[in-house]
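Topology and contacts: notes
This is what each chain is made of:
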Amino acid sequence: MDTHTHLEDLSNEIFFEIFDYLHAFDIFTAFASLNKRILSLLQSIRLHVIILNSHYDREINFLSSHLTFHAHQVISLKCYDTIRNRSSIISLLFNRHHFVNLQSCIFIFDNPSIELENIIKQIQSLNKLVAFFIIQTDYKRINETDNCNITRTILMNKSSSLRSVKLHYDYDYLDISTYTSIASNLISLELLISGSSNIVSVYSILPILRLCRRIRYLHTIIKHEILSQNNNLNISIQEPFINENDLPISPQLKCFDLSIFTICDIRSIGYILRCMPNLTHFKFLYGTRTIAHSCADTFVNGYTWQHIFEMYTPFLSKFDFHISFEKNYPKLDLDFVVNTFQYFVKKFPKWHMIIDRWTPENRNTLNPMQLTEDYVSPDYIPYLSHIVHLLNVNQIKFDPCIYVGQWKDIRFILQACPNVIDLELNPSDLILPEFIDHQSLFTIFKQIKILKSITENSYVPSNFLLKLVERFPSLTDIELQVYSFDDCIYAIDILLSHLKNLSYLKIYYIKDSVVDHPFPCNYIIDKRRQAFSFKIIDENKINIIKNKESVEIRLS
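Thresholds, definitions, all that
- Residues numbered from 1 in each chain as written.
- Predicted model: local features only at pLDDT ≥ 70, side-chain atom pairs only at ≥ 80, totals over all residues.
- Heavy atoms only, no water.
- Helix = DSSP H or I, 4+ residues; strand = E, 2+ residues; numbered from the N terminus.
- Buried < 20%, exposed > 50% of the residue type's maximum accessible area, 1.4 Å probe, protein only.
- Contact = heavy atoms within 4.5 Å.
- Axes fitted to C-alpha atoms, helices over the stretch in contact; angles between N-to-C directions.
- Parallel < 35°, antiparallel > 145°, perpendicular 65-115°, else oblique.
- Left-handed = near helix turned anticlockwise from the far one by under 90°.
- Nonpolar A, V, L, I, M, F, W, Y, C, P; charged D, E, K, R; others polar.
- Salt bridge = Lys/Arg side-chain N within 4 Å of Asp/Glu carboxyl O.
- Polar contact = N/O pair within 3.5 Å; in protein donor to acceptor, adjacent residues only side chain to side chain.
- Core = buried A, V, L, I, M, F, W, Y, C linked by side-chain atoms within 4.5 Å.
- Patch = residues over 30% accessible without salt bridge, like charges linked within 9 Å, V, L, I, M, F, W, Y side chains within 5 Å.
- Areas by Shrake-Rupley, 256 points an atom, 1.4 Å probe, with all protein chains shown as cover.
- Pairing = 2+ DSSP bridges.
- Right-handed = clockwise from strand over helix to strand, strands pointing away.

**A short note on the environment of Leu47**
Within the element layout of this structure, Leu47 appears in strand β1 (residues 47-51). The class for Leu47 is buried, based on a relative accessible area of 1%. For Leu47 and Ser76, which are 29 residues apart along the polypeptide, the C-alpha to C-alpha distance reads 7.0 Å. Leu47 has contacts with Ala24, Ile27, Phe28, His70, Gln73, Val74, Ile75 and Ser76, leaving out every residue within four places of it along the chain.

Encoded structure:
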């Protein structure tokens, strides 16, 4: 008697539950070719489409071929506009398909398309859309004209279903006061307000509040160009004229998340909070180290915050804040700071405060020849442990530094973070014998899966590569800079032949060569199979990009 349960024996309800955990590409890949019963079930489920920048063109075409018959079932879409080997993916999808029942839509642009505005206009016709997000990646910018048109189109959308909007791209919102209206049912709004220091400030929030009177949840990120790194700043903050009798009041606003990456003072924040009389949750992040001398003490004075909240936000029940800045003299009295916040400890259950002071060393004044082996002390590690649980750290980036002893800092920190698997550091530190041959680090090196070592005018020499693969045998992703294209060819040979788990490599080179190498797929397949086995690589997933600066190879 056959007691085994087959896939076909599962009930429809179990299949529906399985489908709820998968997004559309996985569903079509696993189930679309099974049998007529499964195909029938696929006609009645809700679909979630997720397209990441790690996808390939052939995967998008496969997904699109199925969406031809299922686009009306898609209720959520999250899509990068650029994938590994193609761009303008969002335009492709919306030109091919009509997502008439779309409820949630997230666009992520790392190479903005000129067709974005046309797509936004198509979005306007979706009468079931509840949430719409546009996000630009950190290293790309949407065209300024597009910003203006896109923002106006979205915020003046007449859809009665739209409830939540996130516009995470650089824009100053100077023209928002000219809008005749805004989406009437919008209750959640997140904006990145960005521009030059003479036009963007905390007060840029006021015209937004004047227009968006029904908003319940507001998150604003305010930033502009970073000022000089001089910490002894006597900054006078220019305040616009504020008519205190004509402040825009938002009585329905309950939650306000304010992230500031520019110069401001607590007085300006007080003006904004006066517009939110029924606020219950306030989250504040001051993320720039530069601060006016006159503002530093008030920002960390609990009595000042208490006065503002009691005056303007009497219903506040939750207050989270993180403030970080550099200040020379006079030093803050940390005991005084802690004591001023006792009000919050008593008022808010489980409210905690962590305060720490770091004293940076002026290493540039040291004579490198006088540095001793024990100059860099591991005593700083306990300070790190107060901020983050070091055993949970799995990714570390060490910025390039001219300080000759940085490799010792790196050593101490790696020893304190034994579970790190993603490491980025300067080539000059990586190749130092005192670092790469330090036995206390061998176990950590062997577990590293992702390694990046790229710095301008610094490179990994070709005679170091064999030691590199010996020290880091578990690498899956690696980015290096070598000197010449000839060194690049040699580096790729070594990496393909010695790293069994390798999935991605990108080798930059400084000097070009008269010798060319196209790196054909057959060459890569032969290298991998000669070194390991016939099963080590899927030739259909190989992707190669070569230009005058680098060679990039994806194996899976």
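**Remarks on the packing of helix α5 (residues 89-96) against helix α6 (residues 116-124)**
The geometry of α5 relative to α6 is characterised by a closest axis approach of 10 Å and an angle of 45 degrees between their N-to-C directions. Accordingly, the angle class assigned to the pair α5 and α6 is oblique. Crossing angle aside, the handedness with which α5 passes α6 is left-handed. Contacts between α5 and α6 involve Ile90, Ser91, Phe94 and Asn95 from the former and Ile119, Gln122 and Ile123 from the latter. In the contact of α5 with α6, the residues fall into four nonpolar, three polar and no charged.

**Quick look at the pattern of salt bridges**
A full pass over the atoms with the stated rule returns ten salt bridges. One salt bridge connects Lys506 with Glu552, and the closest N-O pair in it is separated by 4.0 Å. Of the two residues, Lys506 is situated in strand β15 (residues 504-511) and Glu552 in strand β17 (residues 550-554); the sequence distance between them amounts to 46 residues. Glu552 carries the same exposure label as Lys506, and that label is buried. Salt bridges sharing common partners tie together Asp437, Lys467, Glu470 and Arg471.

**Description of helix α2 (residues 24-31)**
All of the buried residues along α2 are Ala24, Phe25, Ile27, Phe28 and Phe31. Packing partners of the buried residues in α2 comprise α1 (12-20), α3 (36-42), β1 and α4 (57-70).

**Remarks on the side chain of Gln481**
Along the chain, Gln481 falls in strand β14 (residues 477-484). Within polar-contact distance, the side chain of Gln481 engages the backbone oxygen of Ser458 at 2.9 Å.

**Focus: the nonpolar core**
If you look at soluble globular proteins, the nonpolar side chains tend to sit buried side by side. Ranked by internal contacts, the top residues of the largest apolar core, which has 105 residues, are Phe107, Phe282 and Trp305. Apart from residues no more than four positions distant in its own chain, Phe282 is found in contact with Phe256, Leu258, Ile269, Leu273, Trp305, Phe309, Leu316, Lys318, Phe319 and Asp320. Grouped together as the second largest cluster of nonpolar side chains are 52 residues, Leu390, Ile396, Ile537 and Ile553 included.

**Considerations on a nonpolar patch on the surface**
A cluster of nonpolar residues, Tyr459, Tyr483 and Ile510, forms a patch on the protein surface that exposes about 270 Å² of accessible area. Assignment of secondary structure puts Ile510 in strand β15.

**Some remarks on the sheet that holds β1**
The parallel open sheet is built from ten strands, whose spatial order is β1-β2-β3-β4-β5-β6-β7-β8-β9-β10. Taken across any chain shown, the strands that pair with only one partner, and hence form the sheet edges, are β1 and β10 (318-323). When the angles between neighbouring strand axes are averaged without regard to direction, this sheet yields 5 degrees. Pairing between strand β2 (residues 74-80) and strand β3 (residues 104-109): five bridges, direction parallel. Counterpart to Ser76 in the pairing with β3 is Ser104. On top of the sheet, α5 reaches β1, β2 and β3; it is set at about 150 degrees to β2, its chief contact. Lying on the sheet, helix α9 (residues 266-273) is in contact with β8 (255-261) and β9 (281-286); it crosses β8 at an angle near 155 degrees.

**Examining the pairing of strand β7 (residues 217-223)**
Summarising burial for β7: five of the seven residues are buried, a large majority. Note that strand β6 (residues 188-194) and β7 share seven bridges and pair parallel. Among the inter-strand pairings, Leu189 is bridged to a residue of β7, identified as Leu218. With helix α8 (residues 205-211) bridging β6 and its parallel neighbour β7, the resulting β-α-β unit is right-handed. In this structure, β7 lies alongside β8, joined through seven bridges in parallel fashion. Within β8, the residue paired with Lys223 across the bridge is Phe261.

**Focus on unusual backbone geometry**
Of note in the backbone geometry, Ser88 takes a positive phi value of approximately 55 degrees without being a glycine. Within the secondary structure layout, Ser88 lies in the loop between β2 and α5. With a phi close to 60 degrees, Tyr173 is a non-glycine residue in the positive phi region.

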